[in-house]
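# Understanding the architecture of this molecule
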Amino acid sequence: MSSISSPVRQDLLLQFEAAARSAAASIERVPYSAESLAAAVKRIATGRIAIAETLDLPPDLFADLRKLPGLVRGRSKEELAACDVGVTEAFAGVARTGSVCVAVDHDYSGAISLLARMHVAVLSAETITERPGDLFNPRYLHGKTLQRNFVFITGPSATADMGPLVRGVHGPHQLHIIILE
Amino acid sequence: MSNPATVASPRTVANKSEKPALLGAIRMALEIESPAVRHNTQAFNSGRYLATAAIPDYDRLKDQARATKEAAIARLPELLATLEASVKGNGGNFFLAKTGEEAARYITKVCTDHQARLVVKGKSMTSEEVHLNLHLEAAGIEVAETDLAEFILQIADEQPSHLIGPAIHYSRERITALFKKRFQTDLPLDTGEELTRFAREMLRQKFLNADAGISGANFITADTGSIVLVESEGNIRLTSQLPPLHIAIAGVEKVLPKREDLAPFIELIAPSATGQGLASYTSVLTPPMQAAPALSDSPVQREFHLVLVDNGRLQMREDPVLHEALYCIRCGACLNSCANFQTVGGHAFGGETYSGGIGGSWEAGTRGLLNARFSELCTGCSRCVMQCPVRIDIPWLNSNLRERINECDLEKSGSILEKAAAAQFHAKAPLPKIFFGRYDLFGKWGSRLAPLSNWINNLPITRALMERLVGVDRRRQLPPFASTTLSSAARRLSPSKASSCRGKAALFPDIFTNYGSPERGLAAIEVLRSVGIDLVLTEVSADGRASLSQGLIKTAQQQAQRTSELLLKYIREGREIIVVEPSALAMLRLDYRRFLPHDVFEEIRAHSFEAVEYLWRILQERQLNAADFFSAFRHPLGTRLFYHSHCQQKTIGAAAPTEEMLRAVGFDVATSGVECCGMAGSFGYKKDFYDLSMGVGEDLFNQVRATEAEGERRTLVATGTSCQEQLHAGLQRKVFHPMELLAAIRATAEI
Ligand code: SF4
Ligand code: SF4
């Protein structure tokens, strides 16, 4: 099991990327800086963008993001539902399943990560842990996860209820994961 | 068969406490729902095999989950008290409803107190159980089911047909037709995408305007008052987080002691259910969360109610058998791995809410024993047992339900003849159950009187009578009784010819082989002796399989007792026990743990082998080349085989050795990929289930056809007697036991 202070384990990072891709997420690595992050989001995001506050990452890291055109500041259901892109921090990643963990009641991250057609999850590489069960280990992230309201997000929302597999149901059609290195 | 009655609708046959409803439901399902159910369950089933194989410590996780559940149910009253304190401490409300009615009324009152006009709902079997929608609607509240499957069912007014895929019986084409009819729209609705977009747009509006959200809960933790919600569409996240009022309804059995206990469950549920590593969304929440986004810019304070439903569960907890069902995490693996379920789905193999192998116990516990009548569709094939993430012995639960239902039926409607038969055989069950359950006695007399008994058996009048009295379908031919049983035929065989003794064993002539197909046993004896096994025959004894499968549990218990004493004698002489019929072997290796002291069971389990399994083991232990003894190229019918292993044989891990052995001697072996042939012991002989049984068999027959379409014909091979009968019935071709193949090879060698 990894913890927040441990160095990035390359094997976990690679496993995470492969698993996330096979869960139909798109993924890229970006240098750890506000400018690179903003540039990366700018490349893929168009239209109205809602950006949640950071949780474990330093707030400055999202500073440049907020200068992007189309930023939505409101937090009403209607404003959030009208967004094209929602950006949130993911405070942990799970290598085996390619999941990202998002704290849902932190600045409406739940709604921001769900209502837009694209969800961009910003993940710090050293938070990637091996398996889902690690999130329930009191030592992981110093037990912080045990107090959080969070969701494991594994790929975009999907259904097989209408016959064939369809991606993009009540939640995003696309999940894009940006790994900060 | 009854008249080709008009096809029932799912609702009218939801309650199957009376037999005609069950039979009507099977007809309906075979006629309409079967193709979609088959396609969807089989996709889930293969997904699960792949996903669970990718978990390195799968077995350990299952043990851990099982142990946690056992402890949680044992401590349930205390956990409920802890949970109540946690939820209240978090600022939420807690309500423990004794009955479903009480739960539905409480929730309706919370909603009306909030002047809720529109409620969005996530999928919740418990809310179906308590008929929540009816109550809400009666109070003038609009209920929007937001899970797309539940959305379909709400439009169609049908009950769920699967624990996790409630509309699994709908093909895309049928959904299109349903939507077109209901919504009278010109929008294109001809693909999964179009249908999904249509529903999404409609439901998005409901989410934004909803006054309350009602969800279920997959797991609840007592120490923190947290709930876990597993889904892939995102509707449950919206339901639980968008409206200012969130109500979660769940059965009391969902409570686990600690948040840390969630680990194995989170890792098991999605692979077991849908074959994913995790579902798209697995939310871990401790409500009430601080604030919900509002329609205006200022957030609104949330309110949370956790409604736990007893509705018979606390009584199940006291039940020596049914308490095991409370460990269920509703993953649906036992549905998807069940050949009968794959063929008809939960509208036939299910009750008003709960379906599949585990569904009977739930319907019995929450509604009443007779509501579990559909559990008769459980053949006891055991394919689900290893698939259950909490290791519930589903066929055992169903055998017990059968015993209880038998008693009820006999008391309610048994004829004088039936009551007399019941008294005679010391079994409180209707005649058909006794007939199939006591094959040991019928077989004994049938063989003594053969060929007269076979002649009588085949008379049209006898077949008609058998159908009326004991329910054997007249289209089926009962296996003829052997005029020379295995045990008498074996006496005439010469003892072991080989000079060196490579192993000591005793062949147990199970009743099916002994009275029904002694030729398989004889082949096994010849083959084993030919490689130098010092082999004797034990006395005949009913192992208990037949009686257990009919719910004659006390009889099975006595038979297990007697058989174990018999077998132990041989084991203590240093002999391994060889069994030809896999269902009998599975009794010894699996089911006897219910009937015997642990050490006795373990001793028998460790020393019992399927005949080929034993042979393969000896050859390997002695580092002998199997092909030197049995070269496939000498087999008169050629080397191309189609091998179907028996359901219980697979479960106890005795299928692979036969495949390995046959390949090792040079056969080109194609294998079946079905869970069960559909005959499943006596199941397929019953007139009530003939069509279902043949429907299940269709998959197997088609696999044979498809394999042969690629090349020339293959020799059909099966280890189980009933599989052999089924293959013969479906393809009208001779089917061999693997030992018969090997014996034929030896015979050519000797010429
Ligand atoms: S034992 Fe077989 S028939 Fe019974 S529920 Fe399990 S898989 Fe289905
Ligand atoms: S009985 Fe086991 S396999 Fe079946 S739904 Fe419950 S947990 Fe899953």
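All of the points below concern the structure found in this document.

Each value, and the rule that gives it
Residues numbered from 1 in each chain as written. Chains lettered and ligands numbered in written order. Predicted model: local features only at pLDDT ≥ 70, side-chain atom pairs only at ≥ 80, totals over all residues. Heavy atoms only, no water. 1 Å grid on protein atoms, 1.4 Å probe; cavity = no way out; pocket = protein on both sides within 12 Å on 5 of 7 lines; lining within 4 Å. Points joined across faces, edges and corners; volume = space filled by probe spheres on them. Helix = DSSP H or I, 4+ residues; strand = E, 2+ residues; numbered from the N terminus. Nonpolar A, V, L, I, M, F, W, Y, C, P; charged D, E, K, R; others polar. Pairing = 2+ DSSP bridges. Salt bridge = Lys/Arg side-chain N within 4 Å of Asp/Glu carboxyl O. Buried < 20%, exposed > 50% of the residue type's maximum accessible area, 1.4 Å probe, protein only. Contact = heavy atoms within 4.5 Å. Buried area = accessible area lost by both parts, 1.4 Å probe. Phe/Tyr/Trp six-rings, centres within 6.5 Å; stacked < 30°, edge-to-face > 60°. Lys NZ or Arg CZ within 6 Å of the ring centre and 35° of its normal.

## Here we look at empty space enclosed by the protein
Residues and elements named next belong to chain B. Summed over all chains, the structure comprises ten cavities of 30 Å³ or more. Approximately 100 Å³ is the volume found for the largest cavity. Looking at the largest cavity, it is lined by ten residues, and the ones nearest its centre are N457, R463, V472, R476 and L478. If you list the elements that add at least two residues to the lining of the largest cavity, you get α20 (452–458) and α21 (460–470). Residues that form the lining of the largest cavity fall into these classes: three nonpolar, three polar and four charged.

## Notes on the sheet that holds strand β9 (residues 150–153) of chain A
On the basis of which strands lie adjacent, the open sheet formed by eight strands has the order β8(A)-β5(A)-β6(A)-β9(A)-β9(B)-β6(B)-β5(B)-β8(B) and mixed pairing. Edge positions in the sheet fall to β8 (128–129) of chain A together with β8 (255–256) of chain B, since each of these pairs with one other strand and no more. The pairing of strand β5 (residues 219–221) of chain B with β8 of chain B spans two bridges and is parallel. For I220 of chain B, the partnering residue across the bridge sits in β8 of chain B and is V255 of chain B.

## Observations concerning the pattern of salt bridges
All names here are of chain B. The final tally for this structure, using the stated rule, is 53 salt bridges over all chains. Here R640 ties to D668 by a salt bridge, and the two come within 3.5 Å at their closest N and O atoms. In this pair, R640 sits in strand β17 (residues 640–644) while D668 sits in strand β18 (residues 668–671), placing the two residues 28 residues apart along the sequence. Residue class for R640 comes out buried when judged on its relative accessible area of 18%. By relative accessible area, which is 32% here, D668 ends up partly exposed. Across the pair R714 and D668 runs a salt bridge, and its minimum N-O distance is 3.4 Å. Here R714 is found in the loop between α33 (690–709) and β19 (715–718), whereas its partner D668 is found in strand β18, with 46 residues between them in sequence. In this structure, a network of salt bridges that share partners links the residues R66, E70, E324, D393, R593 and R594.

## Quick word on the interface of chain A and chain B
With 51 residues of chain A in contact, the opposing surface of chain B contributes 58 residues. Of all residues in chain A, K77, M162 and H170 of chain A give up the largest surface area on contact with chain B, accounting jointly for 21% of the area buried on that side. In this structure, E267 of chain B engages R131 of chain A in a salt bridge whose closest nitrogen and oxygen atoms are separated by 2.4 Å. Within the residue set of the side of chain A that touches chain B, elements represented by two or more residues are α3 (77–81), α4 (109–115), β9 and β10 (158–159) of chain A. Residue classes in the side of chain A that touches chain B are distributed as 23 nonpolar, 18 polar and ten charged. Bridge count for β9 of chain A against strand β9 (residues 281–285) of chain B is four bridges, and the pairing is antiparallel. By the bridge assignment for β9 of chain B, V151 of chain A is matched with S283 of chain B.

## Thoughts on the packing of aromatic side chains
Considering all chains together, one arrives at 18 aromatic pairs over all chains under this definition. Ring geometry for F179 of chain B and F198 of chain B: centres 6.0 Å apart, planes at 45°, overall tilted. In this pair, F179 of chain B is assigned in helix α8 (residues 172–183) and F198 of chain B in helix α9 (residues 192–209), connecting sequence segments 19 residues apart. The burial state of F179 of chain B is the same as that of F198 of chain B; both residues are buried. Look at F349 of chain B and F374 of chain B: their rings are 6.4 Å apart centre to centre, the planes differ by 65°, and that puts the pair in the edge-to-face class. Of the two residues, F349 of chain B is situated in the loop between α14 (339–344) and α15 (356–366) and F374 of chain B in the loop between α15 and α16 (394–413); the sequence distance between them amounts to 25 residues. The class for F349 of chain B is buried, based on a relative accessible area of 1%. Residue class for F374 of chain B comes out buried when judged on its relative accessible area of 0%. These aromatic residues form a ring-pair network of at least three members: F91, F136, F150 and F152 of chain A. Above the plane of the ring of F736 of chain B lies K734 of chain B, whose end atom (NZ or CZ) is 4.9 Å from the centre. Across from the ring centre of F630 of chain B, 5.7 Å away, lies the NZ or CZ of R746 of chain B, which sits over that ring.

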